[in-house]
Structures are given as structure tokens and as C-alpha cells.
Amino acid sequence: MAPAVILRRTLVAAGLAVFLYTLLSNPPEGLSAPGWRTVGVAALMAALWISEALPFAVTALLPLVLFPAAGVGNISASAAPFANPVIFLFLGGIFIAIAMERTNLHRRIALAIIGASGTRKPALVAGFLAASAFLSMWINNTAVAVMMLPIALSVLKLFDAEHDRSFAPAIVLSTAYGATIGGMATLVGTAPNAILAGFMLENYGVEIGFLDWMLLAAPLSLLVLAATWAVLVWVVFRPGNEPFPGGHELIALEARELGPPSRAEKSVALVFASTAALWITGGFLEKSAPWLTDTTIAMAGGLALFLIPGGGPKNERLLDIRAIQSVPWDVLLLIGGGLSLAAALQTNGVAAWAGGFASQAGALPTFVVIVALVAIIILLTEITSNAATTSTFLPIAAALASGLGQSPLFLAAAVTLASSCGFIMPVGTPPNAIAFGSGRVSLQEMMRAGIWLNIASGIILAAWLTWLAPVFSNLAK
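Described below are features of the structure shown in this document. All values derive from a computational prediction rather than experimental measurement. (Residues numbered from 1 in each chain as written. Predicted model: local features only at pLDDT ≥ 70, side-chain atom pairs only at ≥ 80, totals over all residues. Heavy atoms only, no water.)

Before going further, it helps to spend a moment on the packing of helix α6 (residues 85–103) against helix α14 (residues 263–281). Contact geometry of α6 with α14 gives a least axis separation of 9 Å together with a crossing angle of 150°. Judged by the angle between their axes, α6 and α14 are roughly antiparallel. Judged by the sense of rotation from one axis to the other, the crossing of α6 with α14 is left-handed. Residues Leu89, Gly93, Ile96, Ala99, Met100 and Thr103 of α6 touch α14, and the partners they reach there are Ala264, Glu265, Val268, Phe272, Thr275 and Trp279. Its residues assigned to classes, the contact of α6 with α14 shows eight nonpolar, three polar and one charged. (Axes fitted to C-alpha atoms, helices over the stretch in contact; angles between N-to-C directions. Helix = DSSP H or I, 4+ residues; strand = E, 2+ residues; numbered from the N terminus. Parallel < 35°, antiparallel > 145°, perpendicular 65-115°, else oblique. Left-handed = near helix turned anticlockwise from the far one by under 90°. Contact = heavy atoms within 4.5 Å. Nonpolar A, V, L, I, M, F, W, Y, C, P; charged D, E, K, R; others polar.)

What follows is the structure, given as C-alpha cells:
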């Protein structure tokens with residue numbers, strides 16, 4: 001039997017054992033019976049998520065059955081988090097992303113960024129990092145990697161650099177790493193960010209606005225991008241600084257093949273720009289239009305795409321029923337299940353009970369605590385889904401922060417951002433797998449670059465959040 005199968009079965013058996021033990025035993029001192037059973041359900045869900053014995057979305061639906069059956073909470077309370085406003089914020093962003101992909105707007109934006117970066121090897125790596133990161137702020141990182149990789153491979157082919165073991169891995173990995181890092185910057189960029197926003201709203205009544213998150217995470221994302229560029233071109237691969245003759249012509253040719261922007265593309269660009277502008281400025285309009293939340297803005301932008309004609313022979317709408325079928329519903333269910341679990345842990349006193357143990361770490365410097373937490377999450381996210389890891393550890397981190405006298409958001413943000421820092425293994429993130437599948441980067445090359453990036457991103461993240469700790473003290477404390 002393969003080791004992976006043995007590990008999977010062991011994890012599932014352990015999760016089931018803990019779940020059954022909590023049903024049949026008395027709770028420990030300081031914890032109620034519903035809280036003790038919540039611990040059992042959490043252990044079972046964590047085991048299933050980590051082992052991937054069931055699809056992530058299926059595991060996320062377990063609270064709808066196990067919570068009422070175990071006396072943890074009724075069906076209404078268990079199901080309510082599946083309608084958290086943040087889920088619809090994410091859904092509106094997905095509609096806009098689908099429209100951008102359909103009209104090739106995302107490809108035009110990518111080519112424009114790459115074309116502006118220059119034709120020297122380090123500049124091209126920076127261009128691909130920037131293009132992937134910008135698109136990933138608004139579009140699913142897997143879709144970004146799928147779109148950017150062929151462009152990178154065409155650059156390698158044109159310049160006869162397919163087998164260049166210094167430049168080829170660097171340019172291919174830049175598409176994957178950029179797609180992962182860019183998603184950290186916005187609430188709609190990656191599922192863990194949405195899970196965090198929903199968790200804070202559901203359990204602490206703290207609404208994290210789109211601009212609030214960007215002010216926190218966008219500078220961090222830029223710092224990690226800069227570190228990634230330095231690792232790829234200075235530390236690991238060192239492709240040199242030679243220019244590629246004809247580089248501008250290649251990018252111009254790719255852009256010409258797209259043709260002039262269509263009416264549909266222009267319309268999607270207008271909706272995208274308007275939605276992004278309202279997300280960023282919504283906080284300033286709150287007094288005059290209190291109904292104008294990030295979620296209503298996202299849904300207004302997404303639904304507008306079903307109403308606006310796209311031109312063309314049939315003058316079809318920018319989005320149709322096929323867009324509904326393209327939505328990654330499994331991700332939305334995963335977010336809902338994670339929020340349902342987190343709400344139960346909070347409501348039944350598990351989070352406060354666990355936070356009581358944090359007093360043992362009270363003598364440690366804040367920086368040491370956050371470094372340890374970030375390191376654990378980065379290692380876990382190399383082998384598990386980042387959304388599942390975030391859902392599992394958010395309540396624990398928030399409770400730990402409260403026990404240390406910090407805002408829950410302080411360590412919750414650390415868990416969320418660290419879960420997007422899996423750079424070593426192909427299974428760490430879908431973009432990693434896509435880059436590895438190209439055949440232009442070996443496992444050893446990805447691991448060499450990834451180890452450096454995990455260390456660099458962990459240090460940057462810990463330092464950034466520790467420096468911003470006073471900002472968190474005004475939130476959810």
C-alpha cells in the first residue's frame with residue numbers, strides 16, 4: 001500500500017476517533033458538552049480536509065448534518081454562514097473575472113504590462129510577475145496561471161530559450177508565483193481572504209472593507225513580489241541581463257493577434273474599472289449611501305454583465321447562463337463550511353477555552369509567536385488546500401491572539417496571508433502544478449526557489465504584521 005494512502009487512512013481514522021470520543025466522554029473542565037462535541041466535529045473536518053479523503057466542498061457541508069445531530073447547533077444557525085455577505089462579494093468578483101476571460105480582456109492587460117517591462121531577462125521576469133499578480137488580484141489564480149503560461153512559453157520558443165536552465169525556469173515560475181502572490185492583495189483575490197472577512201464579520205461583528213484589506217495586504221504583496229524577483233534572478237537562477245532581440249516585436253505581434261478591443265471587451269473593462277473604483281472609494285461614500293457595501297458593489301457589477309449587450313452579430317449579453325455554470329461553487333461551499341465551523345467554535349466557547357492556554361505564551365515576544373504560527377501555516381499549506389488550512393486555523397489563531405491581549409484580527413490575518421505562501425511543492429498551489437506540468441521547471445528547481453521564497457515571505461509577513469500590530473489593536477479587541 002502506498003505511503004500516501006496509509007497516511008490518508010490514518011488521518012481519517014484519527015479524526016473519526018476524536019469525533020467519537022467527544023460524543024462518548026465528558027467535556028474537560030471549562031468547556032460545555034456542545035463545545036466538546038464541536039471540537040470533535042472540527043477534528044473530523046480537519047482530518048478530511050488535510051487528507052482530501054472527500055472533496056473539500058463535501059466536507060464543508062458536514063456541519064449541516066453533524067451539528068444538529070450532535071447537539072452543537074440547530075440547522076438554521078449551522079446554515080446561516082453559507083449566506084455570509086462575503087460569499088456574495090466573492091461571487092460578484094467571479095462573474096467579473098469570467099467576463100474578463102471570455103472577452104480576452106485579461107490577456108490584453110497582461111500583454112500591456114509585459115510590453116512595458118522591457119526585453120532584458122530580469123525585466124521580463126519582473127513583467128510576468130507583475131502581470132500575473134495584477135490579474136490575480138481580480139481573477140482566480142489558477143485561471144491566471146493557465147492564461148500566462150502559454151505566453152511565457154511562446155517567449156521561450158521565439159528566443160530559443162526553452163532549454164536555458166537559468167531563464168526558462170525563472171520565467172515559468174514567475175507566472176505561478178505571481179498568480180499566487182497577487183491574490184493576497186484583495187478580498188476577491190483568493191478564497192482565504194474571503195474566509196477571513198466572513199469570519200471576522202460572523203464572529204466579531206467587524207467588517208473588513210475592500211480598501212481596508214488592500215491597505216494591509218497590497219504593500220505586503222508588493223514586498224513579497226520584490227523578494228520573489230530577487231530570488232529568481234539573483235539567487236537561484238541568475239539568467240543574466242542580456243536583452244532579447246525582437247522582444248518588443250513579439251509582444252506587439254501577440255497584441256495584434258487579439259485585434260482591436262471589441263465592444264464587449266470595452267464594456268467589461270468599464271464594469272471592471274467602475275466596480276474596482278467603487279470598492280476602493282466605498283468607505284468614503286458610506287455616510288451618504290450606507291447601503292453601498294463591498295458586497296452590493298460586487299453583485300451590482302456582476303449582475304450588470306447579464307444585462308449589458310455585448311455587440312456582435314447576435315448582440316448577446318456580456319454574460320449568460322453559461323457563466324452560472326462556470327462559477328466554482330465548490331469554493332463558495334468551502335467558504336461557507338469554514339465559516340459555519342468557525343461560528344460554532346466561537347458560539348460554544350471553544351475559541352475562548354483554547355485562548356486560555358495562550359497565557360503560557362504570554363512571556364514570549366509577539367514577533368516570536370507570529371513567526372512560529374506563520375511557519376506552521378506555510379508548512380501545512382505546502383500539502384493542503386490553503387482555504388481548508390485557513391478555515392481550520394482561523395478560530396485557533398483568533399483565540400490565541402485574544403489570550404495574548406491582541407486583536408483577533410492580528411493572528412487571523414497572519415494565518416490567512418501565510419496560507420498563500422506555498423512555493424516549494426507542485427501540490428502547494430494549482431499555479432505551482434501548472435508551472436511544473438509545463439516541463440520547463442524540474443522539481444529540484446521549484447524546491448530550490450520555493451525554500452528561499454518560503455523563508456523570505458515568512459520573515460516579511462511576520463515583520464509586516466508585527467509592525468502593524470498597533471493598527472489591529474483598534475479592531476475586534
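Having seen the structure, we can now continue with the description.
Moving on, we get to the packing of aromatic side chains. Applying the stated criterion across every chain, the model contains eleven aromatic pairs. Seen from their ring centres, Trp138 and Trp279 are 6.2 Å apart, and the 0° between their planes marks the pair as stacked. One end of the pair, Trp138, is in the loop between α8 (121–136) and α9 (141–158); the other, Trp279, is in helix α14, with 141 residues separating them in the sequence. Trp138 gets classed as buried once you look at its relative accessible area, which sits at 9%. A relative accessible area of 3% places Trp279 in the buried class. Arranged with centres 4.4 Å apart and planes meeting at 15°, the rings of Phe210 and Trp279 form a pair that is stacked. On the criterion of sequence distance, the pair formed by Phe210 in helix α12 (residues 210–236) and Trp279 in helix α14 is long-range, its members being 69 residues apart. For Phe210, a relative accessible area of 0% translates into the label buried. Every member of this aromatic cluster is reached through a ring pair, and the members are Phe134, Trp138, Phe210, Phe272 and Trp279. (Phe/Tyr/Trp six-rings, centres within 6.5 Å; stacked < 30°, edge-to-face > 60°. Buried < 20%, exposed > 50% of the residue type's maximum accessible area, 1.4 Å probe, protein only.)

This part takes up the side chain of Thr186. Along the polypeptide, Thr186 turns up in the loop between α10 (167–182) and α11 (191–204). One polar contact links the side chain of Thr186 to the main-chain carbonyl oxygen of Met137, over a distance of 2.4 Å. Other than its neighbours up to four places away in sequence, Thr186 contacts Met137, Trp138, Asn193, Phe210, Trp213 and Met214. (Polar contact = N/O pair within 3.5 Å; in protein donor to acceptor, adjacent residues only side chain to side chain.)

Take a nonpolar patch on the surface next. On the surface, a nonpolar cluster with roughly 490 Å² of combined accessible area is contributed by Phe436, Leu443, Met447, Ile451, Ile455 and Ile459. Broken down by element, the residue count for the nonpolar patch peaks at five residues, all from helix α23 (residues 443–467). Tracing the backbone through its elements, the reader meets Phe436 in helix α22 (residues 430–437). (Patch = residues over 30% accessible without salt bridge, like charges linked within 9 Å, V, L, I, M, F, W, Y side chains within 5 Å. Areas by Shrake-Rupley, 256 points an atom, 1.4 Å probe, with all protein chains shown as cover. Salt bridge = Lys/Arg side-chain N within 4 Å of Asp/Glu carboxyl O.)

Following the criterion strictly, the structure yields three salt bridges and no others. Among the ionic pairs, Glu265 bridges to Arg108, the shortest N-O distance being 2.4 Å. Of this pair, Glu265 sits in helix α14 while Arg108 sits in helix α7 (residues 105–115), placing them 157 residues apart in sequence. In this structure, Glu265 and Arg108 share a single accessibility class: buried. The residue Arg322 makes a salt bridge to Asp320 at a minimum N-O spacing of 2.8 Å. Among the residues examined, Arg322 registers a relative accessible area of 47% and is labelled partly exposed. Salt bridges sharing common partners tie together Arg102, Asp320 and Arg322.

Before going further, it helps to spend a moment on the packing of α10 against α22. Between α10 and α22, the shortest axis-to-axis distance is 8 Å and the interhelical angle comes to 170°. Classed by the angle they form, the pair α10 and α22 counts as roughly antiparallel. Of the residues in α22, those touching α10 at Val172, Ala176, Tyr177, Ala179 and Thr180 are Pro431, Asn432 and Ala435. The residue inventory of the contact of α10 with α22, partitioned by class, reads six nonpolar, two polar and no charged.

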